[in-house]
Amino acid sequence: MKITDDNMMNGLAEDAKKSQKTTKDIYLAGGCFWGTEHYFKQIEGVTLTEVGFANGHTDNPTYKEVYTDTTGYAETVLVRFRPDVVSLEFLLQMFFKAIDPTSLNKQGHDEGTRYRTGVYYTDPADLPVIEKVFADEQKNYEQPLAVEKLPLQNFYTAEEYHQDYLDKNPDGYCHLPLSLFEFARQAKESKHDDEI
């Protein structure tokens, strides 16, 4: 049987639709978005990352505007992942390994409301998982977590030069230690109930 180009294109379109249905999004603010994005890109099952600004009160903010801390935005990374490969719970556990969850508006040397930490969700069905991870994490600290846990109100993609910044600038600034990127590359989710 001869396969026409049309049939092949239809098959590719179907595959693209299937992959869209098999991915989920979560928005994570972990301080400077250059390092946060690079960290999540290392994790198996993450299919796309995009840096931008979340949950502010102006339209189409620029990096310069967000930098003034007057727009209400947090530097945030869209993390798209395949739940059949990596769970939201595991990604959030990894998120907490890359932040100081008790530090308000400060990560590393970076200070300001734009550097606040947060988990912003678009699917209310994700909230029980988010609540569980927050509760588990809280057990490790006496003081309350300073991490926002909110529905995503808005997200604007940052300028192109911010996307994949540490890939383009391997010696660029990052508040995260290099060892954390290797840790993320090696991290594998345990699928055994007895190890939870």
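Only a predicted model underlies this, so the values are computations on that prediction, with no experimental measurement involved.

Novice: Sorry if this is basic, but what is going on with the overall build of the protein here?
Specialist: When helices and strands are counted, the protein shows seven helices and eight strands. Here the protein holds 196 residues, and 43% of them are scored as buried. Counting contacts in the protein only where the partners sit at least 6 residues apart, residues at least 24 apart contribute 77% of the total. Taken as a whole, the protein presents about 10,900 Å² of accessible surface, with 52% of it coming from carbon and sulfur.

Novice: Explain the pattern of salt bridges here, please?
Specialist: Tallied over the full model, the rule gives 15 salt bridges. Residue Glu148 pairs with Arg116 through a salt bridge whose shortest N-O separation is 3.0 Å. A residue pair is termed long-range when its members are at least 10 positions apart, and Glu148 in strand S7 (residues 147-151) and Arg116 in the loop between strand S5 (110-111) and strand S6 (117-121) qualify at 32 residues. Residue class for Glu148 comes out partly exposed when judged on its relative accessible area of 26%. Taking the shortest distance from any N to any O, the salt bridge between Lys168 and Glu160 comes out at 3.5 Å. Given a relative accessible area of 58%, Glu160 falls into the exposed group. Three or more residues are tied together by salt bridges with common partners; here these are Glu89, Lys132, Asp136 and Lys139.

Novice: Which parts of the structure should I look at to understand the sheet that holds strand S1 (residues 24-30)?
Specialist: Strand pairing in a sheet is mediated by backbone hydrogen bonds. Such pairs are either parallel or antiparallel. What the six strands build is an open sheet, ordered S7-S6-S1-S3-S2-S8; its pairing is mixed. Among the strands making up the open sheet, the edge pair consists of S7 and strand S8 (155-157). With direction set aside, neighbouring strand axes in the sheet form an average angle of 30°. Pairing of S6 with S7, which is carried by five bridges, proceeds in the parallel orientation. The residue of S7 that forms the bridge with Thr117 is Val147. Set on the sheet, helix H2 (residues 33-41) makes contact with S1, strand S2 (46-54) and strand S3 (74-81); between it and S2 the angle comes to about 165°.

Novice: Please explain helix H5 (residues 127-138) as it appears in this structure.
Specialist: For H5, built from 12 residues, the straight-helix expectation of 16 Å at 1.5 Å per residue is met to within 8% by its first-to-last C-alpha distance of 16 Å. Where H5 is concerned, the buried positions are Ile130, Val133, Phe134 and Glu137. The arc enclosing the buried residues of H5, seen along the axis, measures out at 100°, which places them on a common side. In this fold, the buried residues of H5 make contact with S1, helix H4 (88-97), S6 and S7.

Novice: Help me understand the packing of aromatic side chains, please; the structure alone is not making it clear to me.
Specialist: We describe a pair of aromatic rings using the distance from one ring centre to the other and the angle between the two ring planes. Under the defined criterion, the tally for this structure stands at nine aromatic pairs. On the numbers, 5.8 Å between centres and 40° between planes, the contact of Phe33 with Phe53 is tilted. Highlighted residues: Phe33 in helix H2 and Phe53 in strand S2, separated in sequence by 20 residues. With a relative accessible area of 1%, Phe33 lands in the buried category.

Novice: How should the pairing of S1 be read in this particular structure?
Specialist: Side-chain direction in a regular strand flips from residue to residue, so the side chains alternate between the two faces of the sheet. The element S1 is largely enclosed, with a buried count of six among its seven residues. In the sheet, S1 pairs with S3 via five bridges, with the strands oriented antiparallel. Its bridge partner being in S3, Leu28 is matched across the sheet by Val77. As paired elements, S1 and S6 share four bridges and run antiparallel to each other. Note on S6: the bridge partner recorded for Ala29 is Gly118.

Conventions we followed
- Residues numbered from 1 in each chain as written.
- Predicted model: local features only at pLDDT ≥ 70, side-chain atom pairs only at ≥ 80, totals over all residues.
- Heavy atoms only, no water.
- Helix = DSSP H or I, 4+ residues; strand = E, 2+ residues; numbered from the N terminus.
- Buried < 20%, exposed > 50% of the residue type's maximum accessible area, 1.4 Å probe, protein only.
- Contact = heavy atoms within 4.5 Å.
- Areas by Shrake-Rupley, 256 points an atom, 1.4 Å probe, with all protein chains shown as cover.
- Salt bridge = Lys/Arg side-chain N within 4 Å of Asp/Glu carboxyl O.
- Pairing = 2+ DSSP bridges.
- Axes fitted to C-alpha atoms, helices over the stretch in contact; angles between N-to-C directions.
- Expected span 1.5 Å × (residues − 1).
- Arc of directions from axis to C-beta.
- Phe/Tyr/Trp six-rings, centres within 6.5 Å; stacked < 30°, edge-to-face > 60°.

Function-wise, these values are silent; they only describe arrangement.
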